[in-house]
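Listed below are the residues making up each chain.
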Amino acid sequence: MRLARTVAALVLSLAAAGVHAQAFPAKPVHVIVPFAAGGVVELIARTLGSVFQESTGQPFVVETRPGGASIIGMNACARSAPDGYTLCFTVADSLSYGPALYSDLPYNPETDFAPVANLGWSNNLIVANAKAPYGNYKEMIAFAKGKPGAINWATWGPGSLPDLYLQWIKRQAGVDITGIPYKGAGAGNPAVFSGEADVTYMGFGGAAPMIKAGKIKPIVAIGDRRSPFMPGLPTLADEGGDPGLKGYFGAFAPGKTPKPIVDRLNAELVKASKTQRMQDFHKTYTLDFDENTADQFAAFMKSDRATASKVFRSIGVTPSAAPQN
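Residues numbered from 1 in each chain as written. Predicted model: local features only at pLDDT ≥ 70, side-chain atom pairs only at ≥ 80, totals over all residues. Heavy atoms only, no water.

**Focus: the overall build of the protein**
Step number 1: Regarding its fold elements, the protein presents eleven helices and eleven strands.
Step number 2: Taken over the C-alpha trace, the protein has a radius of gyration of 21 Å; the compact-globule value for 325 residues is 20 Å, and the two agree within 12%.
Step number 3: The contacts of the protein with a sequence gap of at least 6 include a subset with a gap of at least 24, amounting to 80%.
Step number 4: Accessible area for the protein stands at about 14,200 Å²; split by element, carbon and sulfur atoms hold 55% of it.
Step number 5: Computed over 30 positive and 25 negative side-chain charges, the inter-centroid distance for the protein is 2 Å. (Helix = DSSP H or I, 4+ residues; strand = E, 2+ residues; numbered from the N terminus. Rg over C-alpha atoms; globule rule 2.2 N^0.38 Å. Contact = heavy atoms within 4.5 Å. Areas by Shrake-Rupley, 256 points an atom, 1.4 Å probe, with all protein chains shown as cover. Lys, Arg positive; Asp, Glu negative; His and termini not counted. Charge placed at Lys NZ, Arg CZ, Asp CG, Glu CD.)

**Focus: helix α5 (residues 137-146)**
Step number 1: Listed as buried for α5 are Tyr137, Met140, Ile141 and Ala144. Buried residues of α5, seen end-on, are gathered within an arc of 95° and therefore sit on one face of the element. Seen from the buried face of α5, the exposed residues on the opposite side, beyond 90 degrees, are Lys138 and Gly146.
Step number 2: Looking at the buried side of α5, the elements it contacts are β6 (152-155), α6 (161-173), β8 (199-203) and β9 (216-221).
Step number 3: The N-capping residue of α5, defined by a side-chain oxygen 3.2 Å from the backbone nitrogen of lysine 138, is asparagine 136. (Buried < 20%, exposed > 50% of the residue type's maximum accessible area, 1.4 Å probe, protein only. Arc of directions from axis to C-beta. Polar contact = N/O pair within 3.5 Å; in protein donor to acceptor, adjacent residues only side chain to side chain.)

**Digging into the packing of aromatic side chains**
Aromatic ring pairs are described here by two measures, namely the spacing of the ring centres and the angle between the planes.
Step number 1: Within the structure shown, the criterion is met by 15 aromatic pairs.
Step number 2: A centroid spacing of 5.1 Å and a plane angle of 90° characterise the contact between tryptophan 121 and phenylalanine 300, whose relative ring orientation is edge-to-face. Of this pair, tryptophan 121 sits in strand β4 (residues 113-122) while phenylalanine 300 sits in helix α11 (residues 294-314), and the two are 179 residues apart along the sequence.
Step number 3: Phenylalanine 300 gets classed as buried once you look at its relative accessible area, which sits at 19%. (Phe/Tyr/Trp six-rings, centres within 6.5 Å; stacked < 30°, edge-to-face > 60°.)

**Comments concerning the confidence of the model for the protein**
Step number 1: Of the residues in the protein, 93% reach a pLDDT of 70 or more, and the chain-wide mean stands at 90.
Step number 2: A low-confidence stretch, residues 6-19 (pLDDT under 50), is modelled with three contacts involving residues beyond four sequence positions or located in other chains. (pLDDT = per-residue confidence, 0-100.)

**Focus on the side chain of aspartate 112**
Step number 1: Among the secondary structure elements, aspartate 112 is positioned in the loop between α4 (92-101) and β4.
Step number 2: In terms of polar contacts, aspartate 112 uses its side chain to reach the backbone amide nitrogen of asparagine 108, at 2.8 Å.
Step number 3: Setting aside anything within four residues of it in sequence, one finds aspartate 112 in contact with Ala78, Arg79, Tyr107, Ala253, Pro254 and Gly255.

**Topic: the packing of α4 against α11**
Step number 1: In contact at an axis separation of 8 Å, α4 and α11 are set at 40° when each is read in the N-to-C sense. Comparing the axis directions of α4 and α11 gives the class oblique. As for how α4 packs across α11, the hand of that crossing is right-handed. Listed contacts from α11 to Leu95, Ser96, Tyr97, Pro99, Ala100 and Leu101 of α4 are Met301, Asp304, Arg305, Ala308, Ser309 and Phe312.
Step number 2: When the residues that make up the contact of α4 with α11 are grouped by side-chain class, the tally is eight nonpolar, two polar and two charged. (Axes fitted to C-alpha atoms, helices over the stretch in contact; angles between N-to-C directions. Parallel < 35°, antiparallel > 145°, perpendicular 65-115°, else oblique. Left-handed = near helix turned anticlockwise from the far one by under 90°. Nonpolar A, V, L, I, M, F, W, Y, C, P; charged D, E, K, R; others polar.)

**Observations concerning unusual backbone geometry**
Step number 1: Here the amide bond leading from phenylalanine 24 into proline 25 is cis, since omega sits at -5°, within 30 degrees of zero.
Step number 2: Assignment of secondary structure puts proline 25 in the loop between α1 (2-23) and β1 (29-33).
Step number 3: Non-glycine residue serine 70 carries a positive phi angle of around 80°.
Step number 4: Its place among the elements puts serine 70 in the loop between β2 (60-64) and α3 (71-78).
Step number 5: Residue classification places serine 70 among the buried residues on the basis of a relative accessible area of 2%.
Step number 6: Backbone geometry places threonine 286, a non-glycine residue, at a positive phi of 50°.
Step number 7: Within the element layout of this structure, threonine 286 appears in the loop between α10 (276-284) and β11 (287-288).

**A closer look at the sheet that holds strand β10 (residues 248-254)**
Step number 1: Spatial ordering of the open sheet is given by β2-β1-β3-β10-β4-β11, a layout of six strands whose pairing is mixed. The sheet is open, and its two borders are formed by β2 and β11, each paired with just one other strand.
Step number 2: Relative to β10, strand β3 (residues 86-91) runs antiparallel, the two being bridged by four bridges. From the neighbouring strand, valine 91 faces β10, where its bridge partner is phenylalanine 249.
Step number 3: Contacts between helix α9 (residues 259-273) and the sheet are confined to β2, β3, β4 and β10, with β4 contributing the most and set at about 15° to the helix. (Pairing = 2+ DSSP bridges.)

**Considerations on the pattern of salt bridges**
Step number 1: Under the counting rule described, the total for this entry stands at twelve salt bridges.
Step number 2: The partner of aspartate 238 in a salt bridge is arginine 226, with the nearest N and O atoms 3.4 Å apart. With aspartate 238 in the loop between β9 and β10 and arginine 226 in the loop between β9 and β10, this pair connects stretches of sequence that are twelve residues apart.
Step number 3: Judged by its relative accessible area of 44%, aspartate 238 is partly exposed.
Step number 4: Between lysine 259 and aspartate 295 there is a salt bridge, with the nearest N and O atoms lying 3.3 Å from each other. In this pair, lysine 259 is assigned in helix α9 and aspartate 295 in helix α11, connecting sequence segments 36 residues apart.
Step number 5: Beyond isolated ion pairs, a larger network of salt bridges with shared partners links Lys259, Asp263 and Asp295. (Salt bridge = Lys/Arg side-chain N within 4 Å of Asp/Glu carboxyl O.)

Structure, rendered in structure tokens:
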């Protein structure tokens, strides 16, 4: 009898979740971006939000909550009600790399978040201020060896992709380059444009107009294949080896969000990502989008965390205390 009541309760619960999913969304969806305003993550959230509103009648309310290497914003997302009305949009730094970098995260990256959708893959490169006394990767490494610590590399904080590539290059090339943490690309990139910092990791979309304007110059492409956006630029694999960390933009919900709601959000975000407006956005910011389900994105996340863990061990990274601000 007890088993029958349990099964009946489970069926009713699943049925209720299904009904809720059909009615969802009935109010605005709050989207937390754990980086400073002005970066690509925020722009994705706002652009997708406008398409989402046209489709569902409900807007995205986007809030930037930078600090703590994205931990502050991600923790706020993890502690939100798991009802589908709070999401977080972020990059690989937060949930692929954080577990291997920090011993005391205030959340469990595997259980406190429900992967919703991969929103796009990034095409990236390393750039330098236009006045830097080196014009390519080999010259940058030679300069770093001749003047240890003289190059200032803008990162988005410990554990961010710019920081990880800095650590990888320092280890692989045997050079001393100084990392300077900023609260996201929205703060770090302008520092390189102005000359406050010398070098950083950027997406091709954000870099292209600044290269054209003469503010920065390309140093090397990230990955193991030359980008169609700049085919003449050698890759890091060409120049000595790339760690194989894939840059992505992802949408996540609090961990206990019902699966029907997660799937509904995935369907809406994927549909929005396939519109002409988002295709134009992807082209402008040089992103690649592949249609994906929530289950496929969850499987990728599990694999990506494992890859990141291996890479970090190979460059001598051991977990440390998480930054607080």
